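For reference, the chains in residue letters:
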Amino acid sequence: MFPIPEIMPFFRFRPASLLSVPFLATILLSGTPAVSTRAAVARPHAIFLSKDNLPDLLYAGTIRKREPEKAEQKNYPLPDTFTGMPDLSGPTGKKDWRAARLRYEKAAENGDLSAQYFLGLMYLTGKGALKNPEKAFDWFLQAARRKLPEAQYWLADCYAHGRGTVKSDREAMYWYRIAARNGHIEAQTVTGLALLYGVGLQKDEKEATVWLEKAANAGNARAQYYLYKQYRNGTGLPANPDTAMQWLERSARGGWPDAKKQLGLIRLDRYLRTKDNLPQATEAVTWLKDMAQKDPKTMHLLGTLYQGGLIVGADPEEAARWYRRAAEAGDANGQNDYGQMLFSGKGIARNRKEAARWFDKAARQGHAEARLRLAVQLLAGDGIAADPEKAVSLLQQAAATGNPKAETLLGAAYAGGTGVTQNAAKALYWFEKAAAHGEQNAQYELSRIYQDGQLAPQDEPRARQWLEKAAENGQRDAQYRLGMAYRQGTGANRNDGKACEWFAKAAKQNLAAAQYAYGNCFLHTPDHPADRQKALHWLTLAAGQNHAAAQFRLAVLYAGDNDGKHGTQALKWLEKAAENGFADAQYWLGIFCHDGVHVPQNLKTARRWYREAALQGHPGAQYRLGLSLLDGEGGDKNPQEAFGWLEKAAENGVAEARHLLRQHGHSGNRSGAAPAPAHDWPEQFPRQIPARP
């Protein structure tokens, strides 16, 4: 699975409590291509180990073209009328198959058994003659009736595939069995498999074992592989893992592709579990590379190995190459994972338009994750034109298969009326379905729905139940909110210790708000050890994510140092917090600039920061901005505006503002608000509102 970047909020309906974070990004897989699919999965090959597909019984097609040379090398005895093998050498020293065919025809017409067989192969494969399946069938039939096992085998092949005759499984199996009884090893293998799987013959596992053992003992690698499967599964004979492995190793040494692949996967699995015998695991990767030339699934598996650095070193570029080969060969996992690499720009240049094309190909094959990723791109218009209706259609397809993430996204679509008519009941249905399937983000959203009563009647016990489930399942926002519930005593007795435990869980998942809260746990929380260095660590992590309150808290801590060595740090974080719109920081930065604390005095800049904070309703900033405008500090005098700000400060409880207004004939505190200090922040901060000179 691959990390998905933060995605713009594209749901039009977004109540303050519902979908308050861009959670669509977080609910998608954060990892890995389908080491299925993901490189983060420790055993990406395990999916192969459990599969047991029906074999291609009639494997002969892959060896058909080589059969004339093989037959020629066997030096079949010929009667006196045609003694010895014909000279196949032409004028250039190359084999002259046409000349051989002419000589074979004469011998065959004279009843030569081997010549009849050779002619059948030539007409079947096009060696020395134009392909003519009918003539091939006729010559095989003549030789087969005279009990030549090879001819009987290829006659069966003609019946099995309808070459030169009407296709007939019954006739095919009849001749395969005759060839098998006459000692033809491949026919014995086919007969054994037909009996084992009940294809063309009545299923008989015990008789199947007899034929497969004959062929396996004669060195047939395919028979050895299926004998391995019989001993592994206890099919037709008692299960015996040790004997099974012996047959698998013999088959792999004999070059049977499935055996090499299976043994390679077993060795990979053993190494990843035990970290034992790296040379065998490395050899297994080599086998898989050989196998991958014609096997898209193995191409994809190699991509996952390079993606995750499993056995081979991590190499995103090599992973992308293997994923692309698998994708181009039509493998849905390969298409999805290659799309992810294009989307993220890992191992290949980022190209989200091309990523969407590959997601679409995989989605058309029913790949659930590809549907989700394509849906997200269509919702956000990321690299492709936005199409909410198509996105919802993809989500519906994925949700119909029981995919919890699709169910969650579909619930969000109905909640926001994105691509569908807004429907609170359907939103709740899909969220609850996903939550029942254990989807943590759906559980979190349900907690907010029942807490705020936006899509369903308010129900605080159910809200708490879903919040706890989501938090226990690792949803970081739920962990943070549960921590806040314990901190504030909402829904349960206040418990600062538990609050800090949940803050810690969310903080370790890189949630800035939780890092800020957890940092504060180390400063002044009962039942939690004080530790200034740990507080600085977590606050710095949050501040690095532009959490303005954490930036201001760091400024407070550094400014409060008695040694005076951290003034630069205090100023740095104060400026960042102010630039991020934190009113307290803007207010105090105004004071720094006004009084020349850690910075050269600059009354104009001081007035600017007072105004920024005052516009956010900061009482102390309103008072100081009024003073600046009244006295002309940092700009022109403006008594009318000055008294307006002083009145706001007075209404917000600043006693100095009320006193000053009375001096100038204004009543002040017209709202009747009780007096309050001009600021409410930790006493470590080394400034108070000074009296007006």
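Residues numbered from 1 in each chain as written. Predicted model: local features only at pLDDT ≥ 70, side-chain atom pairs only at ≥ 80, totals over all residues. Heavy atoms only, no water.

Colleague: Honestly, helix α31 (residues 583-595) in this entry has me stumped. Any pointers?
Modeller: Every α-helical turn comprises 3.6 residues, leaving residues that sit three or four positions apart pointing alike. The end-to-end C-alpha distance of α31 is 18 Å, a good match for the 18 Å that 13 residues give at a rise of 1.5 Å each. For α31, the buried fraction is high: 12 of the 13 residues fall into the buried class. By the burial criterion, the buried members of α31 are Ala583, Asp584, Ala585, Gln586, Tyr587, Trp588, Leu589, Gly590, Ile591, Phe592, Cys593 and His594. Residues of α31 that are buried in the fold lie against α29 (548-559), α30 (567-579), α32 (603-615) and α33 (619-631). Just downstream of α31 lies Gly596, where phi reads positive at about 70 degrees. (Helix = DSSP H or I, 4+ residues; strand = E, 2+ residues; numbered from the N terminus. Expected span 1.5 Å × (residues − 1). Buried < 20%, exposed > 50% of the residue type's maximum accessible area, 1.4 Å probe, protein only. Contact = heavy atoms within 4.5 Å.)

Colleague: So what exactly am I meant to see when it comes to the confidence of the model for the chain here?
Modeller: Predicted coordinates in areas of low pLDDT are best not read in detail. Chain-level statistics for the chain give a pLDDT mean of 83 and a share of 82% at 70 or above. The least confident element of the chain is helix α1 (residues 23-27), whose mean pLDDT is 38; the most confident is helix α18 (residues 352-364), at 97. Contacts from residues 1-54, a stretch scored under 50 in pLDDT, to residues over four places away or in other chains number 172 contacts. pLDDT under 50 marks residues 71-92. Its contacts with residues more than four places away, or in other chains, come to 38 contacts. (pLDDT = per-residue confidence, 0-100.)

Colleague: Even after reading the chapter, I still don't get the pattern of salt bridges, so can you show me in this structure?
Modeller: Pairing of side chains with opposite charge becomes possible as their charged atoms draw close. Scanning all chains against the criterion turns up 23 salt bridges. Arg464 serves as the salt-bridge partner of Glu468, at 3.1 Å between the closest nitrogen and oxygen. One end of the pair is Glu468 and the other is Arg464, both in helix α24 (residues 460-472) and four residues apart, which spans about a single turn. Of the residues examined, Arg464 reaches a relative accessible area of 13% and is grouped as buried. Note that Asp496 and Arg494 form a salt bridge whose closest N and O atoms lie 3.1 Å from each other. For Arg494, a relative accessible area of 54% corresponds to the exposed category. Within this structure, Arg487, Arg494 and Asp496 form a network of salt bridges that share partners. (Salt bridge = Lys/Arg side-chain N within 4 Å of Asp/Glu carboxyl O.)

Colleague: Which parts of the structure should I look at to understand the packing of aromatic side chains?
Modeller: Scanning the entire structure with this criterion turns up 17 aromatic pairs. Geometrically, the ring pair formed by Tyr225 and Tyr226 is edge-to-face, given 5.1 Å between the ring centres and 80 degrees between the ring planes. The two residues Tyr225 and Tyr226 agree in class, both being buried. Ring geometry for Tyr480 and Phe503: centres 5.8 Å apart, planes at 40 degrees, overall tilted. (Phe/Tyr/Trp six-rings, centres within 6.5 Å; stacked < 30°, edge-to-face > 60°.)

Colleague: I would appreciate a short explanation of helix α35 (residues 655-663) in the present structure.
Modeller: Three or more residues of α35 are buried, namely Ala657, Arg658, Leu660 and Leu661. Looking down the long axis of α35, one finds its buried residues gathered within 165 degrees of arc, a one-sided arrangement. Among the exposed residues of α35, those oriented more than 90 degrees off its buried face are Arg662 and Gln663. As for α35, its buried residues are in contact with α33 and α34 (639-651). Where α35 ends, the next residue or the one after it, Gly665, has phi of about 80 degrees, a positive value. (Arc of directions from axis to C-beta.)

Colleague: Help me understand the nonpolar core in this model?
Modeller: A general tendency of soluble globular proteins is for nonpolar side chains to be buried together. One finds Tyr117, Phe140, Leu155 and Tyr176 to be the most contacted residues of the largest nonpolar core, which totals 66 residues. When residues no more than four places from it in sequence are discounted, the contact partners of Phe140 are Tyr117, Gly120, Leu121, Leu124, Ala151, Trp154, Leu155 and Cys158. (Core = buried A, V, L, I, M, F, W, Y, C linked by side-chain atoms within 4.5 Å.)

Colleague: Teacher, can you tell me more about the environment of Ala107 here?
Modeller: Here Ala107 is to be found in helix α4 (residues 97-109). With relative accessibility at 4%, the residue Ala107 sits in the buried group. Counting along the chain gives 12 residues from Ala107 to Leu119, while the straight-line C-alpha distance between them is 10.0 Å.

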